[in-house]
Amino acid sequence: MQLLASLQNIRTLDELVLWGGYLLLFAIIFAETGLFAGFFLPGDSLLITAGLIAATGGLDITRVIATLAAGAVLGDSAGYLIGKQLQKTLFTRQETLFFHREHLLKTEAFYRKHGAKTVFLARFVPVVRSFAATLAGVAAMPYRVFLFYSVSGAVLWVLCFTLAGYYIASMFPEAVGYLHIVIMVGIVLIVLSALRHLRPGKHS
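Just so it is clear, the structure is predicted and the values come from calculations on it, not from any experiment.

Conventions adopted
Residues numbered from 1 in each chain as written. Predicted model: local features only at pLDDT ≥ 70, side-chain atom pairs only at ≥ 80, totals over all residues. Heavy atoms only, no water. Salt bridge = Lys/Arg side-chain N within 4 Å of Asp/Glu carboxyl O. Helix = DSSP H or I, 4+ residues; strand = E, 2+ residues; numbered from the N terminus. Buried < 20%, exposed > 50% of the residue type's maximum accessible area, 1.4 Å probe, protein only. Polar contact = N/O pair within 3.5 Å; in protein donor to acceptor, adjacent residues only side chain to side chain. Contact = heavy atoms within 4.5 Å. Phe/Tyr/Trp six-rings, centres within 6.5 Å; stacked < 30°, edge-to-face > 60°. Axes fitted to C-alpha atoms, helices over the stretch in contact; angles between N-to-C directions. Parallel < 35°, antiparallel > 145°, perpendicular 65-115°, else oblique. Left-handed = near helix turned anticlockwise from the far one by under 90°. Nonpolar A, V, L, I, M, F, W, Y, C, P; charged D, E, K, R; others polar.

Visitor: Got a minute to help me understand the pattern of salt bridges in this structure?
Guide: Between side chains of opposite charge, a pair can form as their charged atoms come close. Throughout the structure, instances matching the rule amount to one salt bridge. R123 serves as the salt-bridge partner of D76, at 2.3 Å between the closest nitrogen and oxygen. A residue pair is termed long-range when its members are at least 10 positions apart, and D76 in helix α4 (residues 61-86) and R123 in the loop between α6 (118-121) and α7 (132-138) qualify at 47 residues. Each member of the pair D76 and R123 is classed as buried.

Rendered as structure tokens:
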């Protein structure tokens, strides 16, 4: 009951991050990169918000970067193991509220185009990054190759977005309010896109 009461008082993403701390940052990024159901989570927005909060002293920027990078890499590895276990049966899996073959096929097309680099490049592409690691497992990509692209992509992704929020808040504190608006608009667009994909009859 106390947990629900606390959550009811949270109205913005930065309030949620401050409430959940490093564990919440890890959990969200892990889920977005390693679990099918995480495709609608606001990964990019979360990274920028974490940087903003760190700039105001609410979190430590070094620990933020380490936590987010660890969540991304471990999430990737979890997705890779899921792909290894499911192999090709993944493509015949029954669709559910959070799993749609359309997302998998889009990622497969991205994978065919970019090869092993997909694991790196997909880090910067919402939805695709939630399936790329799993497809790498399905394709039996050597784990050492996978891990190289996973770690390098995770570190660059986290540094780019987190430090963007951190330095904008540090150098232009008056712009933080406007940046929050941009982040909220981004989250709304992500949620609307997710709801559109989850609506019945939208998939072939």
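Visitor: Looking at this structure, how should I read the side chain of T33?
Guide: Residue placement: T33 occurs in helix α2 (residues 13-34). The class of T33 is buried, set by a relative accessible area of 0%. A distance of 2.8 Å separates the side chain of T33 from the backbone oxygen of I29, its partner in a polar contact. A distance of 3.4 Å separates the side chain of T33 from the backbone oxygen of F30, its partner in a polar contact. For T33, the residues in contact, after removing those within four places along its chain, are G71, A72, G75, D76, R123, R129, S130 and A133.

Visitor: Which parts of the structure should I look at to understand the packing of aromatic side chains?
Guide: For any pair of aromatic rings, geometry is given as the distance between the ring centres together with the angle between the planes. Enumeration according to the criterion identifies seven aromatic pairs in this entry. Centre to centre, the rings of F26 and F30 are 5.9 Å apart; their planes meet at 20 degrees, and the pair counts as stacked. Taken together, the residues F26 and F30, both in helix α2 and four residues apart, mark about one turn of the helix. Owing to a relative accessible area of 25%, F26 belongs among the partly exposed residues under this scheme. Aromatic pair Y166 and Y167: ring centres 5.3 Å apart, planes at 85 degrees, arrangement edge-to-face. Judged by relative accessible area, which is 22%, Y166 ranks as partly exposed. An aromatic cluster is defined as three or more aromatic residues linked by ring pairs; in this entry it consists of Y80, Y143 and F146.

Visitor: Please explain the packing of helix α3 (residues 43-55) against helix α8 (residues 143-171) as it appears in this structure.
Guide: For any two helices packed against each other, the geometry is given by the interaxial angle and the distance between the axes. α8 packs onto α3 with a crossing angle of 40 degrees between their chain directions and a minimal axis gap of 7 Å. The angle between α3 and α8 falls in the class oblique. Here α3 and α8 pass one another in a crossing that is right-handed. Across the interface between the two elements, G43, D44, L47, I48, G51, L52, A54 and A55 of α3 pack against W157, V158, F161, T162, G165, Y166, A169 and S170 of α8. Per-class residue counts for the contact of α3 with α8 are 10 nonpolar, five polar and one charged.

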